[in-house]
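Now for the letters of each chain:
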Amino acid sequence: MTASSSTLAARVNARRLINGPVEGEFNPFILHPIKYAFAMDAYKTGNDNHWLPTAIPMQRDIEQWQSQTGLTDDERRVVKVALGYFTTADSIVANNLVLAVYRHITAPECRMYLLRQAYEEAIHTNSYQYIVESLGLDEEEIFSMYRDARAIHDKDQMTATHTPALLDPAFKTGTPEADQQFLRELVDFYIVTEGVFFYSSFAAMLSFRQRNLLPGTAEQFQYIMRDESMHMNFGIDLVNGIRTEQPDLWTPDFVREVTDRVAEAAVLEEQYALFMMPRGILGLNAESFGDYTKYVADRRLASIGIAPHFGVQNPYPWMAEAIDIPKSKNFFETRVTEYRSGALQFDDF
Ligand SMILES: [Fe+2]
Ligand SMILES: [Fe+2]
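K.L.:
Please set out the overall build of the chain residue by residue, giving values where relevant.
P.N.:
Each helix and strand in the chain was counted, giving 16 helices and zero strands. Counting all 349 residues of the chain, 39% fall into the buried class. In the chain, the proportion of contacts linking residues at least 24 apart, taken out of those at least 6 apart, comes to 76%.

This is the structure:
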């Protein structure tokens, strides 16, 4: 029996990003009909972008890493610090998604994307582990940086302390105060952590790719950055969607708080970039990283309709192109073709 058009319309009308009905005819287990196309689009794009780290060759990376002259000490430090940050950051993100964000989101199409995102976070964690193992890095050193390195600890601390409701199992949405708290923490989660805190490392790692250094590692970071830009864009759509459904949450005080937090994150990210490359690398100096971080922060604010805070130019316009992997380079298309020819080659990136 098919649902009548009035039933379908009623389902669409009842559905909400948060605080939607959780039982009966309108419960979040019935996907049809789709109301939030942005979430299904993100889900499909995530599937199209699917990749697996262990299919990416690391032989040249291993040779370069083991060679005395393959990389400078400063370049090695960048790799270790980026891995040190991401090994824990991606796990914190996955933890928040699965244990907290998911249960408050009542739109089934958004929940589908959250599942896809959670899987991608696991792929990323797998990728870092694969790089650490391939290069023969000291795993204890890398996986302990979240508490041993101040610049990493400060970012993780901001992520943790700014999402208390997400981390509280008793937290519930449904009042204006709680909904505003949830929205604020979504901003912190998607726009600060995934939108500001990841990008110095991405810029540094992709600069290796530009010089054909550590090609397997850089390629993995390129895919991770592509995934992360999807996560962030989904988060932006989610935040803007909740704002549309509950405009009263978006008060001038709220906007001020969000602006302050994004600006605070930019400062922490700049300190992290300095820690990662105290003398700069590959023609990227610490000052330009500060500008890049501020530029990214302003872009994130603009994405949720907030005026820029810093007003600086992008010092790395090449970053915009770095995530734009042509469709013909789709991971599985490439892999299938190369499986047929009996070789795995990705060195045309
Ligand atoms: Fe991730
Ligand atoms: Fe992510």
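K.L.:
Provide a residue-level description of unusual backbone geometry, including the pertinent values.
P.N.:
Its identity as a non-glycine residue notwithstanding, Asn19 has a phi of 65 degrees, on the positive side. Within the secondary structure, Asn19 sits in the loop between helix 1 (5-14) and helix 2 (37-48). Using a count of 18 C-beta atoms within 10 Å as the deciding quantity, one classes Asn19 as partly exposed. One non-glycine residue with positive phi stands out, namely Asn212, at about 60 degrees. You can see Asn212 is positioned in the loop between helix 11 (199-210) and helix 12 (215-245). According to the C-beta neighbour criterion, Asn212 is exposed, with 12 such atoms within 10 Å.

K.L.:
Give a description of helix 13 (residues 252-276) that names residues and reports values.
P.N.:
Along its 25 residues, helix 13 runs 36 Å from first to last C-alpha, staying within 8% of the 36 Å computed at 1.5 Å per residue. Restricting attention to buried positions, one finds in helix 13 the residues Val258, Val262, Ala265, Ala266, Glu269, Glu270, Tyr272, Ala273 and Met276. Lining the buried residues of helix 13 we find helix 4 (73-104), helix 8 (150-161), helix 10 (176-193), helix 11 and helix 14 (286-303).

K.L.:
So what's going on with the packing of helix 13 against helix 14? Which residues, and what values?
P.N.:
Interhelical geometry of helix 13 versus helix 14 gives an angle of 155 degrees and a closest axis separation of 9 Å. One element, helix 13, and the other, helix 14, form an angle in the roughly antiparallel class. When the axes of helix 13 and helix 14 are compared, the crossing they make is right-handed. Listed contacts from helix 14 to Thr259, Val262, Ala263, Ala265, Ala266, Glu269, Glu270, Ala273 and Leu274 of helix 13 are Ala286, Phe289, Gly290, Thr293, Lys294, Ala297, Arg300 and Leu301. For the contact of helix 13 with helix 14, the per-class residue count stands at 10 nonpolar, three polar and four charged.

K.L.:
Give me the lowdown on the nonpolar core, citing residues and values where you can.
P.N.:
In terms of nonpolar packing, the biggest core is built from 81 residues, with Ala82, Cys110, Val196 and Val262 touching the most fellow members. Counting residues per element, this core draws most heavily on helix 12, at 12 residues. Residues within four places of Cys110 in sequence aside, it is in contact with Leu17, Tyr36, Ala39, Ile105 and Leu238.

K.L.:
Can you break down the packing of helix 5 (residues 108-135) against helix 12 residue by residue, with the values?
P.N.:
With their axes 11 Å apart at the nearest point, helix 5 and helix 12 run at an angle of 155 degrees to one another. It follows from the interaxial angle that helix 5 and helix 12 lie roughly antiparallel. At the point where helix 5 passes helix 12, the crossing takes the left-handed sense. Every residue of helix 12 that contacts helix 5 at Cys110, Tyr113, Gln117, Glu120, His124, Ser127 and Ile131 is listed here: Thr217, Gln220, Ile224, Asp227, His231, Phe234 and Leu238. Across the contact of helix 5 with helix 12, the residue classes tally to six nonpolar, six polar and two charged.

K.L.:
Let's hear about helix 8: which residues, and what values?
P.N.:
Between the first and last C-alpha of helix 8 there are 16 Å, a value that for 12 residues agrees with the 16 Å anticipated at 1.5 Å per step. Packing partners of the buried residues in helix 8 comprise helix 4, helix 7 (145-148), helix 10 and helix 13.

K.L.:
How would you explain the environment of Ala14 if you had to name every residue and give the values?
P.N.:
Considering the arrangement of structural elements, one finds Ala14 in helix 1. Put simply, Ala14 and Ala107 are 93 residues apart on the chain and 10.0 Å apart in space, counted from C-alpha to C-alpha. Sequence-distant contacts of Ala14, that is, excluding residues within four places in its chain, are made with Gly20, Pro21 and Phe26.

K.L.:
Any details on the confidence of the model for the chain? Residues and values, ideally.
P.N.:
Residue-level pLDDT values for the chain average 85, and 89% of them are 70 or greater. Within the model, the stretch residues 324-349 combines pLDDT values under 50 with 17 contacts to residues more than four positions away or in other chains.

K.L.:
Which residues make up the environment of Leu301, and what are the values?
P.N.:
Its location among the elements puts Leu301 in helix 14. In this structure Leu301 comes out as buried when scored by C-beta crowding, with 23 C-beta atoms within 10 Å. In this structure, the C-alpha to C-alpha distance between Leu301 and Val262, residues 39 residues apart in sequence, is 7.5 Å. Non-local contacts of Leu301, meaning those with residues more than four positions away in its chain, are made with Thr259, Val262, Ile306, Ala307, Pro308 and His309.

K.L.:
Report on the environment of Val187, specifying residues and quantitative values.
P.N.:
Secondary-structure assignment places Val187 in helix 10. Each C-alpha atom of the pair Val187 and His162 lies 9.8 Å from the other, and the pair is 25 residues apart in sequence.

Rules of the game
- Residues numbered from 1 in each chain as written.
- Chains lettered and ligands numbered in written order.
- Predicted model: local features only at pLDDT ≥ 70, side-chain atom pairs only at ≥ 80, totals over all residues.
- Helix = DSSP H or I, 4+ residues; strand = E, 2+ residues; numbered from the N terminus.
- Buried ≥ 20, exposed ≤ 12 C-beta atoms within 10 Å, placed from the backbone.
- Contact = placed C-beta atoms within 7 Å.
- Expected span 1.5 Å × (residues − 1).
- Axes fitted to C-alpha atoms, helices over the stretch in contact; angles between N-to-C directions.
- Parallel < 35°, antiparallel > 145°, perpendicular 65-115°, else oblique.
- Left-handed = near helix turned anticlockwise from the far one by under 90°.
- Nonpolar A, V, L, I, M, F, W, Y, C, P; charged D, E, K, R; others polar.
- Core = buried A, V, L, I, M, F, W, Y, C linked by C-beta atoms within 7 Å.
- pLDDT = per-residue confidence, 0-100.

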